[in-house]
Amino acid sequence: MPIRTLQPSRRETAEIIYKMQYRSYQIEADLIDFQDLPPLKESVETIQNSNETFLGYFKDDELVGVVSYKDENEEIDIYRMMVDPDHFRKGIADCLLTYLKKQYPDHTFIVHTGSKNTPAVNLYKKHGFDTVDEVEVAPNIYISQMKT
């Protein structure tokens, strides 16, 4: 199985996640024209101290995708969804989301993403998410809250 639970409290694991997160979210920041995304401000220590559950997608023992979430009151709140940019458009985020939804079939899912991040919005719509709110976080920069 290419998807495994990660232990981000281990520094080596957190460093790998951090590098992927920075590269992945930098592309989103460029896409939505907003360089102030919270994931770009995090550190290895932030990831190590997170109380999220992390799942990783592996290809030939290399971590190439990560989703993190919290399970609270029958609701899965997705905090991070990232794929190494060298592995974009290979269905990795789709696999991670499919796996996560199968683990919690009776839960509601919620996620926030840049409204102009068309690939992410389309991924979530494909998995039954609807936009329930949009928040302007900076002039002309909107974040969509999506829910199943």
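Just so it is clear, the model here is predicted, and its values are computed rather than measured. (Residues numbered from 1 in each chain as written. Predicted model: local features only at pLDDT ≥ 70, side-chain atom pairs only at ≥ 80, totals over all residues. Heavy atoms only, no water.)

Caption draft 1: Examining a negative patch on the surface more closely. A cluster of acidic residues, Asp71, Glu72, Glu74 and Asp106, forms a negative patch on the protein surface. Summarising the element assignment, Asp106 is placed in the loop between α3 (92-103) and β5 (108-114). For Asp106, a relative accessible area of 66% gives the class exposed. (Patch = residues over 30% accessible without salt bridge, like charges linked within 9 Å, V, L, I, M, F, W, Y side chains within 5 Å. Areas by Shrake-Rupley, 256 points an atom, 1.4 Å probe, with all protein chains shown as cover. Salt bridge = Lys/Arg side-chain N within 4 Å of Asp/Glu carboxyl O. Lys, Arg positive; Asp, Glu negative; His and termini not counted. Charge placed at Lys NZ, Arg CZ, Asp CG, Glu CD. Helix = DSSP H or I, 4+ residues; strand = E, 2+ residues; numbered from the N terminus. Buried < 20%, exposed > 50% of the residue type's maximum accessible area, 1.4 Å probe, protein only.)

Caption draft 2: Quick look at the side chain of Asp77. Among the structural elements, Asp77 can be located in strand β4 (residues 75-83). Of the side chains bearing the opposite charge, Lys70 lies closest to the buried Asp77, which forms no salt bridge; the N-O distance is 7.4 Å. Those residues within four positions of Asp77 in sequence are excluded, and the remaining contacts are Ser68, Tyr69, Lys70 and Ile110. (Contact = heavy atoms within 4.5 Å.)

Caption draft 3: Spatial organisation of the packing of α3 against helix α4 (residues 118-126). Contact pair α3 / α4: the axes reach a minimum separation of 11 Å and the direction vectors enclose 35°. You can see that α3 and α4 cross each other, and the crossing is right-handed. In this structure, α3 contributes Ala93, Asp94 and Leu97 to the contact, and α4 contributes Leu123, Tyr124 and Lys126. Partitioning the contact of α3 with α4 into residue classes produces four nonpolar, no polar and two charged. (Axes fitted to C-alpha atoms, helices over the stretch in contact; angles between N-to-C directions. Left-handed = near helix turned anticlockwise from the far one by under 90°. Nonpolar A, V, L, I, M, F, W, Y, C, P; charged D, E, K, R; others polar.)

Caption draft 4: Here's a closer look at α3. If you check α3, its first and last C-alpha atoms are 17 Å apart, about what twelve residues at 1.5 Å a residue would give, namely 16 Å. Inspection of α3 places Ile92, Ala93, Leu96, Leu97 and Leu100 among the buried residues, and these make up the whole buried set. The buried residues of α3 occupy one face: seen down the axis, they fall within an arc of 130°. Lining the buried residues of α3 we find β1 (3-5), β2 (53-59), β3 (62-72), β4, β5 and α4. (Expected span 1.5 Å × (residues − 1). Arc of directions from axis to C-beta.)

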